[in-house]
Every structure is written in C-alpha cells, then in structure tokens.
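Geometric and topological summary
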Amino acid sequence: MQIKYWSTELKLAHTWTIASGVATGGGTNLSPVAIVQLSGDDGTIGLGESAPASRYKESVHGALDFLAKVDARKLSFDNIEASMKYLETVAPGQFSAKSAINIALLDGASRKAGKALYDYLGLGFHDKHHVTSFSIGIDKPDIIRKKVLAAEQYPVLKLKVGSPDDKANMAALREAAPTKWVRVDANEGWKTKEHALEMIEWLATDGHIQFIEQPMPAGTDPKDLAWLKARSPLPLIADEAYHTAKDVAHCVDCYHGVNVKLCKNVWVSNAYEELQAARKAGLQTMIGCMIETSILISAAAHLAELCNYLDIDGNILITNDPYIGVTAEKGLLSFASAPEKLGLRVQARS
Ligand SMILES: [Mg+2]
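Residues numbered from 1 in each chain as written. Predicted model: local features only at pLDDT ≥ 70, side-chain atom pairs only at ≥ 80, totals over all residues.

Considerations on the nonpolar core
- If you look at the biggest cluster of nonpolar residues, it comprises 104 residues, and the most contacted ones within it are L157, L173, V258 and A300.
- In terms of residue count, helix 3 (residues 95-112) provides more of this core than any other element does, 8 residues in total.
- With near-sequence residues (within four places) excluded, A300 lies in contact with L262, I287, C289 and I312. (Core = buried A, V, L, I, M, F, W, Y, C linked by C-beta atoms within 7 Å. Buried ≥ 20, exposed ≤ 12 C-beta atoms within 10 Å, placed from the backbone. Helix = DSSP H or I, 4+ residues; strand = E, 2+ residues; numbered from the N terminus. Contact = placed C-beta atoms within 7 Å.)

Some points on the environment of E58
- The residue E58 is located in the loop between strand 5 (45-50) and helix 1 (60-69) in this model.
- A count of 22 C-beta atoms within 10 Å places E58 in the buried class.
- Expressed as a C-alpha distance, the spacing of E58 and K223, which sit 165 residues apart in the sequence, is 30 Å.
- For E58, the contacting residues outside a window of four places in its chain are P52, A53, A63, Q94, F95 and S96.

Quick notes on helix 1
- Turning to helix 1, its buried residues are A63, F66 and L67. Buried residues in helix 1, looked at end-on, bunch into an arc of 100°, giving them a common side. Opposite its buried face, helix 1 presents the exposed residues H61, A68 and K69, each directed more than 90 degrees away.
- As for helix 1, its buried residues are in contact with strand 1 (2-11), strand 4 (30-39), strand 5, helix 2 (80-90) and helix 3. (Arc of directions from axis to C-beta.)

Regarding the domain arrangement of the chain
- The domain boundaries assigned to the chain delineate domain 1 (2-114) and domain 2 (134-348).
- Just the C-alpha atoms count here: the centres of domain 1 and domain 2 sit 22 Å apart.
- Between domain 1 and domain 2, the residue contacts involve 38 residues of the former and 36 residues of the latter.
- Elements represented by at least two residues in the side of domain 1 that touches domain 2 include exactly strand 1, strand 2 (17-18), strand 4, strand 5, helix 2 and helix 3. (Domains from an automatic or database assignment.)

Observations concerning the packing of helix 5 (residues 141-150) against helix 6 (residues 166-176)
- The contact between helix 5 and helix 6 brings their axes to 8 Å, and the two run at 35°. The hand of the helix 5/helix 6 crossing is right-handed. Across the interface between the two elements, P141, I144, R145, V148 and L149 of helix 5 pack against A168, N169, A172, L173, E175 and A176 of helix 6.
- For the contact of helix 5 with helix 6, the class distribution of residues is 8 nonpolar, 1 polar and 2 charged. (Axes fitted to C-alpha atoms, helices over the stretch in contact; angles between N-to-C directions. Left-handed = near helix turned anticlockwise from the far one by under 90°. Nonpolar A, V, L, I, M, F, W, Y, C, P; charged D, E, K, R; others polar.)

Observations concerning the sheet that holds strand 10 (residues 236-238)
- Taken together, the 8 strands give an open sheet; going across it, the order is 6-7-8-9-10-11-12-13, and neighbouring strands pair in parallel fashion. In this open sheet, the two strands that pair with only one neighbour each are strand 6 (134-136) and strand 13 (309-310).
- Note: strand 12 (residues 284-288) against strand 13, 2 bridges, orientation parallel. Within strand 13, the residue paired with M286 across the bridge is Y309.
- Against the sheet, helix 6 engages strand 6, strand 7 (156-160) and strand 8 (181-185), with an angle of about 160° to strand 7. (Pairing = 2+ DSSP bridges.)

See below:
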C-alpha cells in the first residue's frame, strides 16, 4: 500500500461565519482541506479527505503532519479494523486525518468487493428520499435575504444564529422564503438557559422550524440542558456535544437527537456504530458536514439510510470542488449521475 496526500484550498461562495466565529480562512473565502489517496499493491485506489475544525483544535497543518508519520505498509483494504488500530499507535487525536484514511480504506475495500459503499455497509441508497438542507451563515439581514433568494431551489434551509442580529436575520429569511422549512443552528451561541428558551419559544411561533441545533455550549451543566429540553417547544439536536457512542446517555437526558459528522471524531466506521447507537436509544439522527469536497460529502451520503435529517451541503457552498460524486439538485441527494459506480462513487473532475 502507498499513501499520497496533499492540501487544497476550497473557495467559498460567501465568507462563512457561525456563532463561534469566522469558521474558515481567517475571514477570507478560502477553506483548506487535505486529500488522501491510498494505492493498493493490486492497483486499487481509495480516496479520503480531512476537513479539520478549529472548534476541535485541529488544522490541515496538523493533519498533514500526522499523515507524514503514517507507514502505509501497515494499512490494508482487507483489514480496516487493524488499520485503524495501527493509526491509534501513530499519534493520539487527529480525528479528521484518521477519518480521511478510514474513508479511503472503505472506498478501496468496497471497490474491491465490486460494490458501492452504501451496499458494502448493507444500507443501500434510495434516490429521491434524501433531502439535504442548504446552510445560510451568519450575515447582515440584507445579505441573508439575497442568500435565501439565491438558494430558491433548496426546499430546506439551515440558518446559523447566535449573533445580535438573530431576530432580524430570521425576519429577512422569511421575507425571501415565507413558508420554507428551516433548521436553526446556534453553534453553542446562546449562553444562558433563559435566553436560549426565550429564543426557542420565539422561533417556535414561526410554525416552520424543524429543530434547533446545539442551542448552548457543549460543556453546559447537564441540569440546565435537561431544564431546557423539558421546556423546549422544538426538538433539540446535539452537535458539538455528540462525539462518541459514550455520549448517547448524556444526549438522551439533554437533547432529542444527535448530529454526527465524519470529521468531528467519527469516521465512517464509527459513524455507522454511533448512528445505530443513537437510534437504539430513541434519539433522532442527523449527519452533518464541514466545508468539504464531494469526497467527504459523498462518504456521509452513503450513511443516509441511518438518518432522519441530512445536512451535507459543504460541497455546494464552494465554487471549486475538485471531485464529482453525489449531487444535490433541488436538495435531493442522488448518485444517479455519478460516473463512478463503485466505492464512494467519487472521481476527480477532469
Ligand atoms: Mg451544527
């Protein structure tokens, strides 16, 4: 097995701002990711991607440093479990770099099996059933209005909140899309339970809000989160608070559902387990993303059958995606036009 890796700068259509700050590119419209390519001795190729989040103290620089330490001879498409155990001996943390290798291993393994990854995982993929939301970052109300009009083809929006303009931004969204379904993501932006409840009750009067994602900081006293859950008129989804299946019990007490992301610390193999664990515990499930190419977005789409909600729009927020995979016309995820039939169903754009 050989490994190649490189970083690439994704160009965002808009500067991406969320409650925890300008999330990418230091206020520019650039967001870096690292791409991994594994080549087996029989010529099988596997692609993966790392989109590290500063929220979890990870960076592309750190991911590349980690990848440089990996001895590819110890990786195998035929034994993913042992390969992942080896990666744990290379260095702790670096979850998004490990996720990139896990995805590349699964891409190669499913190609070798002659299957698309969703079939290799035993899940299948039902075209026309899976709708992704389209995210609108924090901005000024007049820009929000323009972004919402430009997103006309997407039936579900996700509005980022947690700024002093929350109510004005929601009003601007409604001017442009009066009755569209909206998911609201506070990204830990509401700091007291009273303020969070006031905002949620206000949002509930809209009538077309599906749920609220991570209303308060992940480290908030669970008693306060349980207080909020007991009173919230809208479902609450844990994102920054959900990392491993060990968090399921906490999330049952404090939230109605969980958002899994491949780069957060759950690569595809773990995400599969963690979505199943959450469903078993009666939690709603969602899969989300960072700013990513079609490699990571397609990898997440292969898990769609395990999710109540999909928020995998990172590749449609950028203007220079180097790969082709799952598409999201009118928000409907589809592999129907993907030229590649096996593995992740992703290939480089020519
Ligand atoms: Mg979120």
